[in-house]
Structures are given as C-alpha cells and as structure tokens.
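So the chains spell out like this:
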Amino acid sequence: MREVVTVEPATGGVAALAGIATRRDAPSVFVKAFADAPGDDVFLAEAEGLAALRELGGVATPEVILADRELLVLSVLRPRPHSEVFWEQFAHALARMHTSTTHPRFGWHHDNWLGRRRQINTWADDGFAFFAQHRLLRWLGQPRVEAALDAADRAALERLCHRLPDLLPQRPACLTHGDLWAQNILATPDGQPALIDPAVSYMWAEVDLAHVWSTSPPPEARRFFEVYAELTSLDDGWRARMPIVQLRQHLAVLAQFDDDWGAGDQIRATLAPFRTRI
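Within an unreviewed UniProt entry, the label attached to the chain reads Fructosamine kinase family protein, and the organism entered is Micromonospora parastrephiae. Recorded under Sequence similarities (unreviewed entry), the UniProt text for the chain is reproduced unchanged: "Belongs to the fructosamine kinase family."

In structure tokens form, the structure reads like this:
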C-alpha cells in the first residue's frame, strides 16, 4: 500500500480493531486487524464472504484491497442514508439475493467465522437439524454460555431444537449474510446499499431477516420489512418467529462478550415456554 499518513479509529465493530487509513497520494482505505487473531484464515474467509455476496448475491460490498493473516484492507464505504428510500432499495437487494441463490443443502464448503468464533458449516440436507446442531446447540459448551444459562435453560434449548419442525416453516437454503445487524449495512459512494462483515452460509433467509429485526433498526427501516415481505411472499406469522431464529445470534453474543447487551435475558425469555414446569 501507499504510505499511510494517519489512521482514524472506526466505531461500530465489536470483535476487531478497525480504522480509516489516510494515505499519501492515494484514496483512504478501511483497515481491520485483531490484537490476537483467533485464526489464520479469519480475514481470508471474510474476503471470500464479501466476494460471494457480490458475485453470487448481486449485493454491493467494499473492494478487497488486501486480505492476509494479519490485515483486511477494504475500500471505504459511506454511512447509510437516513431515508426510507434507502431501506426500500435494501429490501429489493436482499430479497433478490435470497430468492436467486437457493441451494439444495445447508452449510458452506468450509467453516468460516462469526466474530471470534468458528462458524461450523458442515453440509446437511435437513435445515432444522443443521440449525439445531450448528447454529444453536454448538454454543452450549462455551464458558460464558455455561455460566449464564442454568441446567433448565439448557434443557429448554434442547427441547426447542427438537420441536423446530413444529415451530418454523419448511424453507429452502439460500445465500445468507449471516451477521446482518444494522451496523453492517452501509452505502456505496453513490448511496446504494452495501454490506460488510459477513459470516456467509446457505441457510434460511429468515436468519438475515431476524438479525435486522432484532438489532434496533431505525424508524425509517419500517419500509424495509414491508417491502421485503411483499417481494418474498412472507406469511403473516414471520414476526412471531423472529425470537426463535434470533436465538442463534443471541447465543453467539453471549458466548463471546462480557457485556452481552441483553442477549442472556432475550435467550431466557424465548426459552421460557420450553422449561419444564414442576
């Protein structure tokens, strides 16, 4: 890269260190690193995920300038506009990605990363079994999860997993971003929706929808949900399913961070109906 003049820390991320690097006689770039990387392939997997979103899903992503064991260097995106029009555009982009990338199996051709933990992507034909084993129960062995959930909570999660075919509709696998909270939705220089920080896999589209729904989207995002539901013919019960689908992300947050931002409380509230009553 050209000589870096200054680096301004970036806000919004929680797993890595990031900043905007100003370069002499060259455009600024976004630089991401770990103080102690959880694996050698973290940034390579992220770069691959960005390419998949762009090339398979048709969604805008930043240009990958460098990806190696130590650094990820990307072109700089803009903050998303505070407008309903932007969220309508994003609804079209996400619906197009989800409906155009259906896949016969659930998973990905190798494991990748969700924050600082490996995301297990072993191929499966059954979406309910895949979600239960690799997106929910896989977090039970994590120390923070063990400390936060008691034996009744863990048994309730196992009971919920057993009942997933009754609780969620049968849906095909499609390309999903996998970590689609509001901070990962930005804009291209010309104002079009763009995505960062993926944890891609072929999974239910509602994994992405639940993440947007559950992470305090701004008021103008109301149009996103309306338009996305129209474009994908979502049934009226989708909102009621969101807490169950979002359990995956709440468990991941609980496993990785001392401050869980209320994830533990959300998990226990969702599991409450599945606890054994004495």
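After that view, the rundown keeps rolling.
J.: What's the story with the overall build of the chain in this structure? I'm lost.
T.: Each helix and strand in the chain was counted, giving 11 helices and 11 strands. In summary, the chain has a C-alpha radius of gyration of 19 Å against a globular reference of 19 Å for 278 residues, a match within 12%. Overall, the C-alpha framework of the chain stretches about 70 × 40 × 35 Å when taken along its three principal axes. Residue burial in the chain is summarised as follows: out of 278 residues, 48% are buried. Taking all contacts inside the chain whose residues are at least 6 apart in sequence as the whole, residues at least 24 apart take part in 66%. Positive and negative side-chain charges of the chain, numbering 28 and 36 respectively, have mean locations separated by a distance of 2 Å.

J.: Looking at this structure, I do not really get the packing of helix 7 (residues 206-214) against helix 8 (residues 222-232). What am I missing?
T.: Between two packed helices, both the angle of their axes relative to each other and the distance between the axes serve to describe the pair. It is at 11 Å that the axes of helix 7 and helix 8 come closest, and there the two elements cross at 160 degrees. Judged by the inter-axis angle, helix 7 sits roughly antiparallel to helix 8. You can see that helix 7 and helix 8 cross each other, and the crossing is left-handed. Counted together, Leu209, Val212 and Trp213 of helix 7 and Phe224, Phe225 and Tyr228 of helix 8 form the full contact between these two elements. Class assignment of the residues belonging to the contact of helix 7 with helix 8 gives a composition of 6 nonpolar, no polar and no charged.

J.: Is there a simple way to explain the pairing of strand 5 (residues 72-75) in this structure?
T.: The side chains of a regular strand alternate, first on one face of the sheet and then on the other. Strand direction decides the pairing type here: strand 3 (residues 26-33) and strand 5, joined by 4 bridges, are antiparallel. Bridging across to strand 5, Val29 finds its partner in Ser75. In this sheet, strand 5 lies alongside strand 4 (residues 64-67) in antiparallel orientation, the contact comprising 3 bridges. Residue pairing for strand 5: Ala67 is matched across the bridge by Leu72. Hairpin connection, strand 4 to strand 5: the antiparallel pair is bridged by 4 residues.

J.: Sorry if this is basic, but what is going on with the side chain of Asp153 here?
T.: Locating Asp153 in the fold gives a position in helix 5 (residues 151-162). Among the residues examined, Asp153 registers a relative accessible area of 3% and is labelled buried. Every residue in contact with Asp153, bar those within four places of it in the chain, is listed here: Ala148, Arg268, Leu271 and Arg275.

J.: Looking at this structure, how should I read helix 10 (residues 247-256)?
T.: The α-helix winds at 3.6 residues per turn, so residues separated by three or four positions along the chain end up facing the same way. Among the 10 residues in helix 10, 10 count as buried, and that is most of the element. Taken together, the buried positions of helix 10 are occupied by Leu247, Arg248, Gln249, His250, Leu251, Ala252, Val253, Leu254, Ala255 and Gln256.

J.: Please explain the pattern of salt bridges as it appears in this structure.
T.: Here the idea is simple: oppositely charged side chains can pair when their charged atoms come close. Inspection of the entire model under this criterion finds 19 salt bridges. Residue Asp197 is joined to Lys32 by a salt bridge in which the shortest nitrogen-to-oxygen separation is 2.8 Å. Separated by 165 residues along the polypeptide, Asp197 in the loop between strand 10 (193-195) and strand 11 (201-203) and Lys32 in strand 3 bring together distant segments of the chain. On the basis of relative accessible area, Lys32 is assigned to the buried category, the value being 10%.

J.: Is there a simple way to think about helix 7 in this case?
T.: With 7 of 9 residues buried, helix 7 lies mostly within the body of the structure. Within helix 7, the full set of buried residues consists of Glu206, Val207, Asp208, Leu209, Ala210, His211 and Val212. Ser216 occupies a position one or two residues after helix 7 and carries a positive phi of about 50 degrees.

J.: Help me understand the packing of helix 2 (residues 84-100) against helix 8 in this model?
T.: Two elements in contact, helix 2 and helix 8, have axes separated by 8 Å at closest approach and are oriented at 30 degrees. Crossing handedness for the pair helix 2 and helix 8: right-handed. Of the residues in helix 8, those in contact with Glu84, Trp87, Glu88, Phe90, Ala91, His92, Leu94, Ala95, His98 and Thr99 of helix 2 are Arg222, Arg223, Phe224, Val227, Tyr228, Leu231 and Thr232. Considering only residue class, the contact of helix 2 with helix 8 consists of 9 nonpolar, 4 polar and 4 charged.

What counts and what doesn't
- Residues numbered from 1 in each chain as written.
- Predicted model: local features only at pLDDT ≥ 70, side-chain atom pairs only at ≥ 80, totals over all residues.
- Heavy atoms only, no water.
- UniProt positions renumbered as here; feature names shortened; annotations may be inferred.
- Helix = DSSP H or I, 4+ residues; strand = E, 2+ residues; numbered from the N terminus.
- Rg over C-alpha atoms; globule rule 2.2 N^0.38 Å.
- Buried < 20%, exposed > 50% of the residue type's maximum accessible area, 1.4 Å probe, protein only.
- Contact = heavy atoms within 4.5 Å.
- Lys, Arg positive; Asp, Glu negative; His and termini not counted.
- Charge placed at Lys NZ, Arg CZ, Asp CG, Glu CD.
- Axes fitted to C-alpha atoms, helices over the stretch in contact; angles between N-to-C directions.
- Parallel < 35°, antiparallel > 145°, perpendicular 65-115°, else oblique.
- Left-handed = near helix turned anticlockwise from the far one by under 90°.
- Nonpolar A, V, L, I, M, F, W, Y, C, P; charged D, E, K, R; others polar.
- Pairing = 2+ DSSP bridges.
- Salt bridge = Lys/Arg side-chain N within 4 Å of Asp/Glu carboxyl O.

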